[in-house]
Amino acid sequence: MTRTIVASATREIIIGFDQPFCVIGERINPTGRKKLAAEMIEGNFDTVIKDALEQVAAGATMLDVNAGVTSVNPNETEPGLLVQTLEIVQGLVDVPLSIDSSVTAAIEAALKVAKGRPLVNSVTGEEEKLEAILPLVKKYDVPVVAISNDETGISMDPDVRFAVAKKIVERAMDHGIKPHDIVVDPLVMPIGALGDAGRQVFALLHRLRNELKVNTTCGLSNISFGLPHRHGINAGFIPMVIGAGMTSAIMNPCRPQEMEAVRAANVLNGTDANCTNWIMTYRDYKPAEGGAAAPASAAPAAGGGRRGGRAARAGAGAARE
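Residues numbered from 1 in each chain as written. Predicted model: local features only at pLDDT ≥ 70, side-chain atom pairs only at ≥ 80, totals over all residues. Heavy atoms only, no water.

- Where an unreviewed UniProt entry is consulted, the protein chain appears under the name Methyltetrahydrofolate cobalamin methyltransferase, with the organism given as Rhizobium jaguaris.

A look at the overall build of the protein chain
Item 1. Scanning the protein chain from terminus to terminus reveals 10 helices and 11 strands.
Item 2. Just so you have it, the protein chain exposes about 13,100 Å², and 54% of that area is on carbon and sulfur atoms. (Helix = DSSP H or I, 4+ residues; strand = E, 2+ residues; numbered from the N terminus. Areas by Shrake-Rupley, 256 points an atom, 1.4 Å probe, with all protein chains shown as cover.)

Comments concerning the environment of Ala264
Item 1. Looking at the secondary structure, you find Ala264 in helix α9 (residues 256-268).
Item 2. Taking relative accessible area as the criterion, Ala264 reaches 25% and is therefore assigned partly exposed.
Item 3. Along the primary structure Ala264 and Ile238 are separated by 26 residues, whereas in three dimensions their C-alpha atoms are 9.8 Å apart. (Buried < 20%, exposed > 50% of the residue type's maximum accessible area, 1.4 Å probe, protein only.)

Focus: the pairing of strand β5 (residues 97-100)
Item 1. Side chains Leu97 and Ile99 of β5 all project onto a buried face; the interleaved residues Ser98 and Asp100 project onto the opposite face, where all are buried too.
Item 2. When strand β4 (residues 62-66) meets β5, the two strands line up parallel, connected through 4 bridges. Bridged to Asn66 within β5 is Asp100.
Item 3. After leaving β4, the chain enters helix α3 (residues 74-92) and then returns to the sheet as β5, a path that is right-handed.
Item 4. Note that the unit made of β5, helix α4 (residues 104-113) and strand β6 (residues 119-124) has a crossover that is right-handed. (Pairing = 2+ DSSP bridges. Right-handed = clockwise from strand over helix to strand, strands pointing away.)

Topic: the nonpolar core
Item 1. Residues Leu63, Val89, Ile99 and Ile182 are the most contacted members of the largest nonpolar core, which totals 49 residues.
Item 2. No other element matches the 6 residues that helix α6 (residues 158-174) contributes to this core.
Item 3. With residues up to four places along the chain from it excluded, the contact list for Val89 reads Ile28, Val48, Ala52, Leu63, Val65 and Leu97.
Item 4. Judged by nonpolar contacts, the second largest core, of 36 residues, contains Ile24, Val188, Cys218 and Met259. (Core = buried A, V, L, I, M, F, W, Y, C linked by side-chain atoms within 4.5 Å. Contact = heavy atoms within 4.5 Å.)

Quick word on the packing of helix α5 (residues 127-140) against α6
Item 1. At a closest axis distance of 11 Å, the pairing of α5 and α6 adopts a crossing angle of 40°. As the angle between them shows, α5 and α6 are arranged oblique. The hand of the α5/α6 crossing is right-handed. Across from Glu127, Leu130, Glu131 and Leu134 in α5, the residues of α6 making contact are Lys167, Ile168, Arg171 and Ala172.
Item 2. Across the contact of α5 with α6, the residue classes tally to 4 nonpolar, no polar and 4 charged. (Axes fitted to C-alpha atoms, helices over the stretch in contact; angles between N-to-C directions. Parallel < 35°, antiparallel > 145°, perpendicular 65-115°, else oblique. Left-handed = near helix turned anticlockwise from the far one by under 90°. Nonpolar A, V, L, I, M, F, W, Y, C, P; charged D, E, K, R; others polar.)

What about the sheet that holds β4?
Item 1. With parallel pairing, 8 strands are arranged side by side in an open sheet as β9-β8-β7-β6-β5-β4-β3-β10. Here the strands that pair on one side only, and so sit at the sheet edges, are β9 (215-216) and β10 (248-251).
Item 2. Here strand β8 (residues 182-185) runs beside β9; their pairing, made up of 2 bridges, is parallel. In the sheet register, Val183 faces β9, and the bridge partner there is Asn215.

What to know about helix α2 (residues 46-58)
Item 1. Over its 13 residues, α2 extends 18 Å from the first C-alpha to the last, a length consistent with the 18 Å expected when each residue adds 1.5 Å.
Item 2. All of the buried residues in α2 are Thr47, Val48, Asp51, Ala52, Gln55 and Ala58. For α2, the arc enclosing every buried residue in end-on projection is 140°, short of the 170-degree limit, so these residues lie on one face.
Item 3. On the buried face of α2, the contacting elements are β3 (22-28), α1 (34-41), β4, α3, β10 and α9.
Item 4. One or two positions beyond α2, positive phi appears at Gly59, with a value near 120°. (Expected span 1.5 Å × (residues − 1). Arc of directions from axis to C-beta.)

Describing unusual backbone geometry
Item 1. One non-glycine residue with positive phi stands out, namely Asp141, at about 55°.
Item 2. Mapped onto the elements, Asp141 comes out in the loop between α5 and β7 (144-147).
Item 3. In this structure, Cys275 is a non-glycine residue whose phi angle is positive, near 60°.
Item 4. Topologically, Cys275 is positioned in the loop between α9 and α10 (276-282).
Item 5. By relative accessible area, which is 31% here, Cys275 ends up partly exposed.

What follows is the structure, encoded as structure tokens:
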């Protein structure tokens, strides 16, 4: 059974087919958030702190940490800012972190100060990226997100995206990195622009699970990009991708409708033993007036854990909401 282990200084989480779905909180990312970017540039981390605490309280299993505030000289500006952000976040919360950057120097700087076993987000099938990132993954013994695009861009053919994922897994093995430490992002396309985007990703997930035997993730909100009432689409998508084999997603845990879908999928998928997490979360649940759903109480993290011890999603319009 494929199991990807990530950890903070005090907490270990397993991403796996037999584990609760791993919710990777997306909010600590200035992409598309001008106010947050301006704050971080000024050394103001009030929003970062707020987002970290709120996401964990809402049930995030992990937190993604990105400091890409500018495309101007990122090799000079991003390493220091990412380290500063990472140290603040890991001093606040005990969940594992995902180091999210397209700048190799920033990833390495963050790995030097990261506690536990963070996830690196990410590597692509581009030769330059493979040669830069995979040695770091091996050196620091950490798992990595593998995004299914290469020098040719993002293919609309799911077979091509599978081939890119397979290439990354094989190249990682050449570096001594086991497949269980590769978490593939098959790239979710916007359903509003590509009508079979859902069917594409479901088919891809089956192949990634059964043929490559790897864990998977995605920028969840990509599926609803450009549509009204995006959270309704996202909430419907969640149990379907979990049923198809996806084991984690980078998403906003502060959306009750979407977290409810995650928790329900865990119950129905048999990864919430005895419905314990569902009962703890919703035992005092009462519908709001008019029949609308009332916000759920704060809940334990939705991931399967035990104590111990990048740039925006490629090309698919993962705008932060």
